[in-house]
Amino acid sequence: RTADGSFCRGLLMVHEGRYDEAKNVLDACRGFLHTEVSALVGESFERAYKAVVKAQQVAELEEVIMFKLSFDDAIEGQRRREHLRAMWSERLEGIESDVEVWQGVLAVHSLVVAPQDNAAAWLKFASHCRKQKR
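Quick caveat, the model's predicted, so the values are computed rather than measured.

1. Topic: the packing of helix α3 (residues 45-70) against helix α5 (residues 99-109)
- Contact geometry for α3 and α5: axes closest at 9 Å, N-to-C directions at 10°. For the element pair α3 / α5, the angle class is roughly parallel. In this structure, α3 contributes Tyr-49, Lys-50, Val-53, Gln-57, Glu-60, Leu-61 and Val-64 to the contact, and α5 contributes Glu-100, Val-101, Gly-104, Val-105, Val-108 and His-109.
- The residue inventory of the contact of α3 with α5, partitioned by class, reads seven nonpolar, three polar and three charged.

If you want it as structure tokens, here you go:
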């Protein structure tokens, strides 16, 4: 078992609506990441960066679960969706312009916020892709 494998299983479970199982798998993922980050950060932050971003994705996937389980009406759901979009947009400002990193982060975000409702982030992602010739 690995952090990536656990994360992917958790992501699939969220997509399937199996939220309690996803929480358990994400807890295991966090344990793998703790070990990985602890080992890598001693060498350099650059080596640990992708594991740190994966930890952020785990936290955001848990926010997706809370969102999916928490609202009763469409107006409240839209308010919470906008709150998540704004919070996630702020977090994106601190992420390096690595296309792979952005793609993974935006994939989690798209579970709650449709790409057309998050145009600024997706346009910035497209810009990173263009600059990196991808």
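2. Quick notes on the packing of aromatic side chains
- Applying the stated rule across the entire model yields two aromatic pairs.
- Taking 5.7 Å as the distance between ring centres and 85° as the angle between the ring planes, the aromatic pair formed by Trp-122 and Phe-125 counts as edge-to-face. Of this pair, Trp-122 and Phe-125 both sit in helix α6 (residues 119-131), three residues apart, which is roughly one turn of that helix.
- Note on Trp-122: relative accessible area 26%, which makes it partly exposed.

3. Brief notes about the nonpolar core
- Core analysis: the biggest nonpolar cluster contains 21 residues, and Phe-7, Val-14, Leu-61, Val-64 and Val-112 have the highest contact counts within it.
- When contributions to this core are tallied by element, the ones reaching two or more residues are α1 (3-15), α2 (19-41), α3 and α4 (74-92).
- Apart from the residues lying within four places of it in its own chain, the contact partners of Val-112 are Val-64, Phe-67, Arg-81, Leu-84 and Trp-88.

4. A closer look at the side chain of Lys-54
- In this fold, Lys-54 is placed in helix α3.
- Residues within four places of Lys-54 in sequence aside, it is in contact with Asp-4, Phe-7 and Leu-33.

5. Quick notes on the pattern of salt bridges
- Under the counting rule described, the total for this entry stands at 15 salt bridges.
- Residues Lys-54 and Asp-4 are paired through a salt bridge, measuring 3.5 Å at the closest nitrogen-oxygen approach. Here Lys-54, found in helix α3, pairs with Asp-4, found in helix α1; they are 50 residues apart in sequence, far enough to count as distant.
- Among the residues examined, Asp-4 registers a relative accessible area of 45% and is labelled partly exposed.
- The closest approach of N and O atoms between Lys-50 and Asp-98, which form a salt bridge, is 3.8 Å. Taken together, the residues span a long stretch of sequence, with Lys-50 in helix α3 and Asp-98 in the loop between α4 and α5 at a distance of 48 residues.

6. Examining α1
- Here α1 spans 18 Å end to end across 13 residues, near enough to the 18 Å set by a 1.5 Å rise per residue.
- Phi for Gly-17, located one or two positions after α1, is positive at around 80°.

7. Overview of the environment of Ser-110
- Relative to the helices and strands, Ser-110 resides in the loop between α5 and α6.
- Linking Ser-110 and Val-64, residues 46 residues apart in sequence, is a C-alpha distance of 9.7 Å.
- Here the side chain of Ser-110 touches Ala-107 through a polar contact of 2.7 Å, landing on its backbone oxygen.

Conventions used here
Residues numbered from 1 in each chain as written. Predicted model: local features only at pLDDT ≥ 70, side-chain atom pairs only at ≥ 80, totals over all residues. Heavy atoms only, no water. Axes fitted to C-alpha atoms, helices over the stretch in contact; angles between N-to-C directions. Helix = DSSP H or I, 4+ residues; strand = E, 2+ residues; numbered from the N terminus. Parallel < 35°, antiparallel > 145°, perpendicular 65-115°, else oblique. Contact = heavy atoms within 4.5 Å. Nonpolar A, V, L, I, M, F, W, Y, C, P; charged D, E, K, R; others polar. Phe/Tyr/Trp six-rings, centres within 6.5 Å; stacked < 30°, edge-to-face > 60°. Buried < 20%, exposed > 50% of the residue type's maximum accessible area, 1.4 Å probe, protein only. Core = buried A, V, L, I, M, F, W, Y, C linked by side-chain atoms within 4.5 Å. Salt bridge = Lys/Arg side-chain N within 4 Å of Asp/Glu carboxyl O. Expected span 1.5 Å × (residues − 1). Polar contact = N/O pair within 3.5 Å; in protein donor to acceptor, adjacent residues only side chain to side chain.

By themselves, these observations are geometric and do not establish any function.
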